Amino acid sequence: MSDTPERVDPSAATMQGVNPYWRALDADDIRRGHHRGMIGAMWDDMGALQLAFMRREGLQPFHRLLDVGCGSLRGGLHFVRYLDKGRYCGIDANASLVEAGHHELALAGLDQRGARLAADVNFDVGRFGVEFDYAIAFSVVTHLFTDHIQACLKRVRHALAQNGTFYVTFFEAPDTAHLDPITHAPGEITTSYTQDPFHQSFEELRTLGERVGLRARLIGDFGHPRGQRMAAFSPL
Ligand SMILES: C[S@@+](CC[C@H](N)C(=O)[O-])C[C@H]1O[C@@H](n2cnc3c(N)ncnc32)[C@H](O)[C@@H]1O
């Protein structure tokens, strides 16, 4: 990203003080590929991991997939390539990252595959008018306060098919309201209960899900190179 001044993405402005995703990339940043570092790097590995995981969970090309916090399509490129035309929808708080996603689609020759991308900070996934078979939030709730996670689960619940599943990665804490920092292996990322990057116990996520009609299942370790775990939410 360029040095000064720091630009604020208008769509993501309310994330200031929550996580670093309020920063706006300009066209030059995107051309230089700065979005790949901004969303956490490990571009190829983390992208391929997402598709491999979802295929193990039953994702097939005809399914409709929602990518919540899709960023610049690190995983999205793999999904768009795999899924039938028009089956991928992505939403992200940061409009400049969504713009970078369009850039990546064009670079990969996937810009005619009917991917639908939206910039929105309020998880308004109903805007797509689609009932999704699968949804994923990869490295997203790790950057969100609990009330944002609650809003996300509620909104996704309403856009999910009755037999659909929403997969969410998170940094796992051993108990509820775990106030001490935790350093996770592998990757040595240190997380906090009160600031980004965040951790939660599975019980806390389960409770958030139950409040909005979702049953949570802990998948746990799924080979994430920085020690994140996976939870799956299905409509009750
Ligand atoms: C670590 S990046 C992961 C991006 C993508 N899932 C991937 O694997 O590359 C976290 C993403 O969450 C997005 N994000 C943060 N808060 C959000 C919100 N309230 N609504 C939607 N996206 C959000 C950020 O803009 C960023 O793109």
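One can find the structure itself at the top, above this paragraph.
Scope of this entry: the structure provided in the associated data block. No experiment lies behind these values; they were computed from the predicted model shown.

### A few points about the overall build of the chain
Next up, step 1: A tally of helices and strands in the chain yields seven helices and 11 strands.
Next up, step 2: Relative to the compact-globule value of 18 Å for 236 residues, the chain shows a C-alpha radius of gyration of 17 Å, a close match.
Next up, step 3: A principal-axis box enclosing the C-alpha atoms of the chain has dimensions of 45 × 45 × 30 Å.
Next up, step 4: Residues counted as buried form 43% of the 236 residues belonging to the chain.
Next up, step 5: Here the analysis covers contacts within the chain between residues at least 6 apart in sequence; of these, 67% occur between residues at least 24 apart.

### Description of the site of the ligand
Next up, step 1: Around the ligand, 23 residues are found, and the nearest of them are Tyr21, Gly69, Gly71, Arg74 and Ala93.
Next up, step 2: For the shell around the ligand, a count of residues per class yields 12 nonpolar, nine polar and two charged.

### Considerations on the pairing of strand S3 (residues 116–119)
Next up, step 1: Bridge count for strand S2 (residues 88–92) against S3 is four bridges, and the pairing is parallel. Directly across from Gly90, in S3, lies its bridge partner Leu117.
Next up, step 2: A crossover links S2 with its parallel partner S3, the connecting element being helix H5 (residues 95–107), and its sense is right-handed.

### Thoughts on the environment of Thr142
Next up, step 1: By the element assignment, Thr142 lies in the loop between strand S4 (132–137) and helix H6 (146–159).
Next up, step 2: Among the residues examined, Thr142 registers 23 C-beta atoms within 10 Å and is labelled buried.
Next up, step 3: Residues Thr142 and His103 lie 39 residues apart in sequence; the distance between their C-alpha atoms is 26 Å.
Next up, step 4: Other than its neighbours up to four places away in sequence, Thr142 contacts Thr169, Phe170, Phe171, Pro197, Phe198 and Gln228.

### Digging into unusual backbone geometry
Next up, step 1: That bond from Ala185 to Pro186 is cis: its omega, -5°, falls within 30 degrees of zero.
Next up, step 2: Here Pro186 is to be found in the loop between strand S7 (182–184) and strand S8 (189–191).
Next up, step 3: With an omega dihedral of -5°, the bond running from Asp196 to Pro197 counts as a cis peptide bond.
Next up, step 4: Relative to the assigned elements, Pro197 resides in the loop between S8 and strand S9 (200–201).
Next up, step 5: The phi angle at Ala41 is positive, at roughly 60°, despite the residue not being glycine.
Next up, step 6: You can see Ala41 is positioned in the loop between helix H2 (34–38) and helix H3 (43–56).
Next up, step 7: Taking the number of C-beta atoms within 10 Å as the measure of exposure, Ala41 has 11 and is therefore exposed.

### A look at H6
Because an α-helix packs 3.6 residues into every turn, residues spaced three or four apart end up facing the same way.
Next up, step 1: Over its 14 residues, H6 runs 20 Å from end to end, which matches the ideal 20 Å to within 8%, given 1.5 Å per residue.
Next up, step 2: By the burial criterion, the buried members of H6 are His148, Ile149, Cys152, Leu153, Arg155, Val156, Arg157 and Ala159.
Next up, step 3: Each element contacted by the buried residues of H6 is listed here: strand S1 (65–68), S4, strand S5 (160–170), helix H7 (202–211), strand S10 (214–221) and strand S11 (229–235).

### As for the packing of H6 against H7
Next up, step 1: Relative orientation of the contacting elements H6 and H7 amounts to 45°, with a least axis distance of 9 Å. Here H6 lies oblique to H7, going by the angle between them. Crossing geometry of H6 relative to H7 is assigned as right-handed. In this structure, H6 uses Ile149, Gln150 and Leu153 to contact H7, whose residues at the interface are Leu208, Gly209 and Arg211.

Reading guide: rules and limits
As a convention, each chain's residues are numbered from 1 in the sequence order in which they are written. Restriction of local features to residues with pLDDT of at least 70 applies here, the model being predicted, together with a cutoff of 80 or more for giving and counting side-chain atom pairs; totals for whole chains, interfaces and linings are based on all residues. Put simply, DSSP H or I for four residues or longer makes a helix, DSSP E for two residues or longer makes a strand, and each gets a number counted from the N terminus. We take the radius of gyration over the C-alpha atoms and set the globule estimate at 2.2 Å times the residue count to the 0.38 power. Comment: burial labels come from other C-beta atoms within 10 Å of the residue's own C-beta, placed from the backbone, where a count of 20 or more is buried, 12 or fewer is exposed, and between is partly exposed. By the convention adopted here, residues make contact when the C-beta atoms placed from their backbones lie within 7 Å. Placing the C-beta atom from the backbone, one calls a residue near a molecule or strand if that atom lies within 6 Å of it. Polar here means any residue other than Ala, Val, Leu, Ile, Met, Phe, Trp, Tyr, Cys and Pro, which are nonpolar, and Asp, Glu, Lys and Arg, which are charged; Gly is therefore polar. Any two strands between which DSSP finds at least two bridges are classified as paired. By convention, a crossover is right-handed whenever its connection, traced from the first strand over the helix to the second and viewed with the strands pointing away, goes clockwise. Helix span, expected: 1.5 Å multiplied by one less than the number of residues in the helix. For helices, the fitted axis covers only the stretch in contact; all axes are lines through C-alpha atoms, and the angles between them, taken along N-to-C directions, range from 0 to 180 degrees. Any angle from 65 to 115 degrees is called roughly perpendicular, while one under 35 is roughly parallel, one over 145 is roughly antiparallel, and all others are oblique. By definition, any crossing whose near helix is turned counterclockwise from its far helix by less than a right angle is left-handed, and any crossing with a clockwise turn is right-handed.

Bear in mind that shape data such as this cannot, by itself, settle questions of function.
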